[in-house]
Amino acid sequence: MSAGEWELNASIEETEALGNGVESLRLRGSGPATPISSEGVPEVSGDIDLTASGVSLTNAQIAQFLTGEVAAGAVFDLSPISGLALENVFARTGVIDLKADANLSGFTAEDQLSAKSTLALKDDSAVSPLRGSLDLAAEVDGVLSFQSLSFDVDGTSNGIGLGQQPLDALLAGNGRFEAKGEKSGADIEIEVLNLKTPQLEAKANGRIAPEGSDFIAEARLANLALLVPELPGPVTASARLSGQGGPISVESRIEGPAGINADISGTVEQDFGSAEIVLKGGSRLETLTPFIRPATASGQVLVDLALKGPFALPSVTGQITLSDGRVADTGISLAIEQLRGTISIANSALQIALTGNSSQGGSASIEGKVGLADGLQVSTTTTINQFQYVDP
């Protein structure tokens, strides 16, 4: 078969559709090529690159990474014998600098895949909400199906922020991330998995496999007030998965300020399809405040739940007990005080029995059932006893 040449030149100017557009886009490429071989794959190689400016997208989360001049390209070699090789892959924008090389020995599930890449995110605050910087290096080797895979990732950050709270608060300052491990069939081994910032530390290592598991994870949040200002103080969590060929044993502990605590224990089947797990613990109702602002909440919650069977709502039973609760909204000058009662769960339904007093006088209670299967089915009764409220 005789060899030939291929060439690509395309351009777009001042185009917009459905709010997405580009002022200028150029796509070019060239290289040698042969007709389709007996294996059904052409032999093609060369280089290809793209440049664009004035990119505008309705998706703000993606648009923040496509600021400034956008450029991308690669040198490639596609062969029925050696597979696909990608060299000098790059992508650059006002905030992104990506470089990579990759090789694929073939196109079936068991063909070998290897890749190396570096990624840098940089502050371009004039046109993007991105703050700080991130440098990441990664290596991956395995097969295309990912049934066999090894990975090694290492990264550092400096004041990274994406304009998303509370994530930005957790990542502020100098950070470090590293992960190294491998997967072979159903066996997963994590040699190291570490994340560290001034506010958050997490680490894990171990093995999860059908013939035996021993996996340990720990995490510490320096100050819960970053997420819930009403609850200052550190939060710690630990977990261990262990077993010798049968169900995996699970043990976990969470501790935090204002009496936050949880103990989780039980077993999980090897295929993670079902479990027998018990959760017992307590928390302050203040943890709800971020979700109900400008209203605030306080009080004590005790939890005693169990899961027996598949990871689905019908498998969950138990009870949540509320005492000395208070929910207030300064906007309407009303507070519900001395909230108390229970919420039980069984057969995909909640059984509710709650009572509270108005800060302006009187009381109210709610009792009944809320079905959670196939949408909400509410059957409750509210009783009001001289409940008072005066709109200021």
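These remarks concern the structure in this document. Everything quoted here is computed from the prediction, not taken from an experiment. (Residues numbered from 1 in each chain as written. Predicted model: local features only at pLDDT ≥ 70, side-chain atom pairs only at ≥ 80, totals over all residues. Heavy atoms only, no water.)

## Some words on a negative patch on the surface
Here's step 1: Together, E139, D141, D152, E182, E189 and E191 make up a negatively charged patch on the protein surface.
Here's step 2: Going through the elements one at a time, strand 8 (131-143) and strand 11 (187-196) are the ones with two or more residues in the negative patch.
Here's step 3: Tracing the backbone shows E182 in strand 10 (residues 174-184). (Patch = residues over 30% accessible without salt bridge, like charges linked within 9 Å, V, L, I, M, F, W, Y side chains within 5 Å. Areas by Shrake-Rupley, 256 points an atom, 1.4 Å probe, with all protein chains shown as cover. Salt bridge = Lys/Arg side-chain N within 4 Å of Asp/Glu carboxyl O. Lys, Arg positive; Asp, Glu negative; His and termini not counted. Charge placed at Lys NZ, Arg CZ, Asp CG, Glu CD. Helix = DSSP H or I, 4+ residues; strand = E, 2+ residues; numbered from the N terminus.)

## Re the packing of aromatic side chains
Here's step 1: Enumeration according to the criterion identifies 1 aromatic pair in this entry.
Here's step 2: Relative to F76, the ring of W6 has its centre 5.9 Å away and its plane inclined at 40 degrees; by these criteria the two rings are tilted. Pair noted here: W6 is in strand 1 (residues 4-17) and F76 is in strand 4 (residues 70-79), with a separation of 70 residues, a long-range link.
Here's step 3: According to the relative accessible area criterion, W6 is buried, its value standing at 19%.
Here's step 4: A relative accessible area of 16% means that F76 is categorised as buried. (Phe/Tyr/Trp six-rings, centres within 6.5 Å; stacked < 30°, edge-to-face > 60°. Buried < 20%, exposed > 50% of the residue type's maximum accessible area, 1.4 Å probe, protein only.)

## Brief notes about the nonpolar core
Here's step 1: Core analysis: the largest hydrophobic core is formed by 13 residues, its most contacted members being I208, F215, L241, V268 and A275.
Here's step 2: Mapped onto this core, the elements with two or more residues apiece are strand 12 (200-208), strand 15 (248-255) and strand 17 (274-284).
Here's step 3: Of all hydrophobic cores here, the second largest spans 7 residues; its members include L170, V228, V235 and I260. (Core = buried A, V, L, I, M, F, W, Y, C linked by side-chain atoms within 4.5 Å.)

## Considerations on unusual backbone geometry
Here's step 1: Phi is positive for F272, close to 55 degrees, though the residue is something other than glycine.
Here's step 2: Following the sequence through the fold, F272 ends up in the loop between strand 16 (261-268) and strand 17.
Here's step 3: Here F272 falls in the partly exposed class, since its relative accessible area comes to 43%.
Here's step 4: Notably, D374 is not glycine yet its phi reads approximately 55 degrees, a positive angle.
Here's step 5: Judged by relative accessible area, D374 falls into the exposed class, the value being 81%.

## As for the side chain of N357
Here's step 1: With respect to the element layout, N357 can be found in strand 21 (residues 349-358).
Here's step 2: Contact partners of N357, with chain neighbours within four places excluded, come to A335, I336, E337, Q338, R340, G362 and S363. (Contact = heavy atoms within 4.5 Å.)

## Some points on the side chain of S79
Here's step 1: Within the fold, S79 resides in strand 4.
Here's step 2: Polar contacts involving the side chain of S79 include one to the main-chain amide nitrogen of S82, which spans 3.4 Å. (Polar contact = N/O pair within 3.5 Å; in protein donor to acceptor, adjacent residues only side chain to side chain.)

## A few points about the pattern of salt bridges
Here's step 1: One pass over the full model with this rule turns up 12 salt bridges.
Here's step 2: In this structure, the salt-bridge partner of D154 is R176, at a minimum N-O distance of 2.7 Å. Here D154 is found in strand 9 (residues 148-161), whereas its partner R176 is found in strand 10, with 22 residues between them in sequence.
Here's step 3: Taking relative accessible area as the criterion, R176 reaches 39% and is therefore assigned partly exposed.
Here's step 4: Measuring nitrogen to oxygen at the nearest pair gives 3.0 Å for the salt bridge that ties R207 to D187.

Don't take any of this as a statement about function, it's just geometry.
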